[in-house]
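Here is how the chains run, residue by residue.
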Amino acid sequence: MKIIVGKLSGFCHGVKSAVEGAEKLVGKKKIYCVGEIAHNRQVVGSLENNGLITVDKIEEVPEEAEVIFRSHGMPKSAYKYAKNKKMILHDLTCSGVKMVHGKVKAKSKEGKFIILYGDINHPEIIGTKSFTSDDNIYILQSEEEVDGAMQAIETSGKDVYIAAQTTFSLKKFDELTNIIKDRCNDKGIKVEVGNTICSATEKRQKETEKISQSVDYMIIIGGKNSANTKKLFEISKRNCKNSIHIQTKDDLEEIDFSKYQKVGVVAGSSTPKKSINDLVEYLKSL
């Protein structure tokens, strides 16, 4: 059996920076993190074993405590709350996510209506949305929601700025943008496009596309709640029907690999190298 491992698998820059930052802080003092620092239970579990306290809301953090803002970013209100409660803030938000916050804020001030591609319930989108008003932004995830987006655009009477969650599908970004631009052009509405998808995400998606076209079994390893890992699985499934999304090598114990000649392995941007290496060693042992 030949094993093809994606060269870009493993932590992206933003997750690597956040995890390493947290590792330097834990173990010495009591420190909180609002939400999972990265969408990977092995990573979060390791940090929690060293003393990190993960909470769902910033309101759960005691006054004057030390707190980490995770790689996905936080809403603007969270910064204000932390300051009012005299917390010691360690902001480990990904630089790419901060860039999107800045773009959305600036384009809103210029008088543009914001179309933001992504999952409305994802922490990154919740954070980005907070940098403009609720009536000046529309979160769009699929073609079925375009009619609602166009209604919001026309109601606003403004030109449009398009941005996206940093882990959004590149293919879907292009498809939705073409539709929005065509419909806005018909109504004389100007559209400015900001492809805010992380370059590492783009490259990883393209690599997954290529590998999944050349193998007869494809393994995508990463957290089940990781948006970028889910996108890799969607891409892989289009090309290789024998695709599986796992969190650790233990999820493969029931799979019979004897009938597969070429197996591909790619990992989400929150997946540690150890998980990838353990998976590859397991496959080699077969």
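Rules used throughout
Residues numbered from 1 in each chain as written. Predicted model: local features only at pLDDT ≥ 70, side-chain atom pairs only at ≥ 80, totals over all residues. Heavy atoms only, no water. Helix = DSSP H or I, 4+ residues; strand = E, 2+ residues; numbered from the N terminus. Axes fitted to C-alpha atoms, helices over the stretch in contact; angles between N-to-C directions. Parallel < 35°, antiparallel > 145°, perpendicular 65-115°, else oblique. Left-handed = near helix turned anticlockwise from the far one by under 90°. Contact = heavy atoms within 4.5 Å. Nonpolar A, V, L, I, M, F, W, Y, C, P; charged D, E, K, R; others polar. 1 Å grid on protein atoms, 1.4 Å probe; cavity = no way out; pocket = protein on both sides within 12 Å on 5 of 7 lines; lining within 4 Å. Points joined across faces, edges and corners; volume = space filled by probe spheres on them. Disulfide = S-S within 2.5 Å. Buried < 20%, exposed > 50% of the residue type's maximum accessible area, 1.4 Å probe, protein only.

One non-glycine residue with positive phi stands out, namely Glu-64, at about 70°. Mapped onto the fold, Glu-64 is located in the loop between strand 3 (52–55) and strand 4 (66–69). Phi at Lys-86 takes a positive value of approximately 55°, unusual for a residue other than glycine. Among the secondary structure elements, Lys-86 is positioned in the loop between helix 3 (76–84) and strand 5 (88–91).

For the pair helix 8 (residues 199–212) and helix 9 (residues 227–239), the least separation of the axes is 8 Å and the interaxial angle reads 25°. When the interaxial angle is binned, helix 8 and helix 9 end up roughly parallel. Of the two possible hands of crossing, helix 8 and helix 9 adopt the one that is right-handed. Facing helix 8, whose interface residues are Arg-204, Gln-205, Thr-208, Glu-209 and Ser-212, helix 9 presents Lys-231, Leu-232, Ile-235, Ser-236, Arg-238 and Asn-239. Of the residues that constitute the contact of helix 8 with helix 9, the class distribution is two nonpolar, five polar and four charged.

Rolled over the atoms, a probe with the dimensions of a water molecule shows which regions are left empty. A volume near 210 Å³ is recorded for the largest pocket. Lining the largest pocket are 15 residues, and of these Asp-119, His-122, Asn-225, Ala-227 and Lys-230 sit closest to its centre. With four residues, the top contributor of residues to the lining of the largest pocket is helix 9. Of the residues that constitute the lining of the largest pocket, the class distribution is three nonpolar, eight polar and four charged.

Glancing now at empty space enclosed by the protein. All chains considered together, the criterion is met by two cavities of 30 Å³ or more. Volume-wise, the largest cavity comes out at about 240 Å³. For the largest cavity, the lining is made up of 22 residues, of which Val-15, His-72, Thr-166, Thr-167 and Ser-269 are closest to its centre. Elements with a contribution of two residues or more to the lining of the largest cavity: helix 1 (13–25), helix 8 and helix 9. Here the element with the most residues in the lining of the largest cavity is helix 8; it accounts for three residues. Surrounding the second largest cavity, Thr-201, Arg-204, Gln-205, Asn-228, Lys-231 and Leu-232 form its lining.

Before going further, it helps to examine the state of the cysteines. Such a bond, covalent and formed between the sulfur atoms of two cysteines, is termed a disulfide. By the definition in use, this model includes zero disulfides. As a non-bridged cysteine, Cys-12 has Cys-198 as the owner of its nearest cysteine sulfur, 5.9 Å distant. Looking at Cys-12, the relative accessible area reads 14%, which means it is buried. No disulfide involves Cys-94; its sulfur sits 6.0 Å from that of Cys-12, the nearest cysteine.

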